[in-house]
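Listed below, chain by chain, are the residues.
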Amino acid sequence: MTGDALAEESKAADAAPKKTSTPPRRRGDVVNLTFEDLSYVTSRRLGRGSKCILQKISGDFRAGELTAIMGPSGAGKSTLMNILAGFTTHGVTGCLLDNGAPRVRRVFWRHSCYITQDDQLQPLLSVAEAMRIASELKLSRRELSRQQAAARVEDIMTSLGLSEKRHTKIKNLSGGQRKRLCIALELVNNPQVMFFDEPTTGLDSSSCIQCVSLLKELARAGRTVVCSVHQPSATLLQMFDHLYVLAEGSCVYQGGTKGMVSFLSGLGLECPPYHNPADFILEIATGDYGPHKDKLTNAIENGKCNDWRRRAAFDYSNSIVSSDIVPYTPLRAPQLPPVYQLSLGTDQQEPGSRTSSHRKEPSWDYPTSFCLQFYVLLKRTFLLLYRDKSLTQMRLVMHVIVGIIIGMLYFRIGNDANEYFNNFGFLFFSLMFLMFTAFSAMLLAFPLEIPILRREYFNRWYSLHSYYIAITFADVPVQTVCSVGYCVAVYFLTAQPVEFFRLFLFTLSCSVVAVVAQSIGLIIGVSLSIQNGTIFGPLTIMPFFVFSGFLVRMRDSPVYFHWLFHTSFLKYGVECCAWAVYGYNRSQLECREVYCHYKTPEQFLKFLDMPLEYYWFNIGILVVMFFILRLISFLILLFRLNRNR
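The rules behind each value
- Residues numbered from 1 in each chain as written.
- Predicted model: local features only at pLDDT ≥ 70, side-chain atom pairs only at ≥ 80, totals over all residues.
- Heavy atoms only, no water.
- Core = buried A, V, L, I, M, F, W, Y, C linked by side-chain atoms within 4.5 Å.
- Buried < 20%, exposed > 50% of the residue type's maximum accessible area, 1.4 Å probe, protein only.
- Contact = heavy atoms within 4.5 Å.
- Helix = DSSP H or I, 4+ residues; strand = E, 2+ residues; numbered from the N terminus.
- Pairing = 2+ DSSP bridges.
- Expected span 1.5 Å × (residues − 1).
- Salt bridge = Lys/Arg side-chain N within 4 Å of Asp/Glu carboxyl O.

(A) View of the nonpolar core. In this structure, Leu80, Ile183 and Phe195 are the most contacted members of the largest nonpolar core, which totals 124 residues. Excluding residues that lie within four positions of it along the chain, leucine 80 makes contacts with Phe35, Leu38, Leu54, Ile57, Ile69, Tyr244 and Leu246.

If you want it as structure tokens, here you go:
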């Protein structure tokens, strides 16, 4: 399987069953990962050519073993991890096999997890809340009842030493505790294969030993555990069962950690006494002892040679159970449960695939339904918004305070015929204030969510559209409440017409403009980092301000600029606010001077090129813009999450 065939990862089934020991397990409840002649070439980019990162490497990572991928910086460790985990597919050639059969990517994703180097967690949730939400998203009610799911969560927290921290916010956990929580969240559905990218980074020596010991316990329970490490100590090195060393995209060693020194000695490379073998092979890989990389690659056959592999102590039985569900064995510290199998269904074998097993692929991609995903994510989003004082409570207070200040600045000008232009400026400023606050809030907040979203989405917690709809349903009401708080404060302080329907129209206009601006901020937040967003974001939204009709009326601008006025959402908002205040047959304004030219509101609307009332038509255009902008941001987010595959 090469080229595009690997990107599609074939629709073939998993391997034929291996036989397991007591307690009996179903076919496929352990997974051995094998790759043959695996290569990865980066795609060509503007001004740069392609680069070969991996060069026809082979390897065999088995269940029951803790495997470490090691190598100097730039050797291809993270690339190999990404390919094995299914995170990277484009530009990959070679064979990826599960239990000797071509991998079915969708099935593999459902029963594997990838824990990245950075602990991307929701900082405002407690440990118990994070675990409960993970169980609600990852455990199907078709397989486990609510009580069984709660018992499983409690067992995992007890085994990983998190029970005492159940009510602690994640932001207050130590580095080691955060690592354990990351593992606990993925253990909820007990995956068969677990990938860890630099799990010991940022931990002290004691925490490193505890972390690797936990990974070893996970492997002993029958899982396939693969992690990348940079430069482990001698103590940590001996804790790994299997070592895979890369140098410049080639395999220079594969086998047991204790056999590495003998392997190097057989090639005339003697490890100095009291020298860390991990440091020694890394020094060889970087060329400190001369150009030995090709010699090592040939000796290990670029990963195909298994002469130095440690004999696996994990045993498989010949018994296969017929039931769809293997009973869950509660955790008892420090032991973790063996891998169990939920109902996988069968996968249809593709003609010519290397397996004799004919199984049909299940129709579901996620353990829970869209409705349940939406409900859980909406509940979580509202909880986070409630606890994030800067994003919700402070925003609301700020809107009310600014509303009072602006109301005092434009105090009681709403019914004065001589203050018509100042009042119109007040309407425009209100829209500008709400536009920039909504825009900036989303611009700064959402980029922080993307790493968390990437981890949960890639590990198949939920679908992207359920997440996106949930945050939309949560963000719009919050912004609307802030807009209402501002509008009510300024409306009465500025002595606008005391008529409920005018207040409603004014508030609706401001609220719709705010959520449209929020959607533009979401597009920038999805597309750019916070640093770039703060620079280019205002430049993106300023054209809407220029062509709003406040600074320059459309009839006074060149004809070739007219179409830009029609694309400015702020223009429609300004017209709606003006109609709300001055339209709908409003009575004449008070005139304290001898002559007031715009005593009649209709006269002022004609001056503004707003002689007709198209309020609801403009609101409809703003609503359409809102949905179009939200769709654009969703597509950009989808592209960003999948662009590395």
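(B) Layout of the pairing of strand β3 (residues 66-70). Most of β3 sits out of view: five of its five residues are buried. Side chains Leu66, Ala68 and Met70 of β3 all project onto a buried face; the interleaved residues Thr67 and Ile69 project onto the opposite face, where all are buried too. Two elements, β3 and strand β8 (residues 224-229), share five bridges in a ladder whose sense is parallel. Paired with isoleucine 69 across the strands is serine 228, a residue of β8. Here β3 pairs with strand β9 (residues 242-247) via four bridges, running parallel. Paired with methionine 70 across the bridge in β9 is valine 245.

(C) Focus on helix α5 (residues 146-159). Between its first and last C-alpha atoms α5 spans 20 Å; for 14 residues at 1.5 Å apiece the expected length is 20 Å, and the two agree. Where α5 is concerned, the buried positions are Ala149, Arg152, Val153, Asp155, Ile156, Met157 and Ser159. If you follow the buried residues of α5, they end up packed against α4 (127-138) and α6 (175-187). Downstream of α5 by a residue or two, glycine 161 has a phi angle that is positive, lying close to 70°.

(D) Main features of the pattern of salt bridges. Scanning the model with the defined rule gives 19 salt bridges in all. The partner of arginine 387 in a salt bridge is glutamate 129, and the shortest N-O contact between them spans 2.7 Å. Of this pair, arginine 387 sits in helix α12 (residues 370-387) while glutamate 129 is found in helix α4, placing the two residues 258 residues apart along the sequence. Take glutamate 129: its relative accessible area is 14%, and that puts it in the buried class. Between aspartate 294 and lysine 293 there is a salt bridge, with its nearest N and O atoms 3.5 Å apart. The buried category is assigned to lysine 293, whose relative accessible area is 16%.

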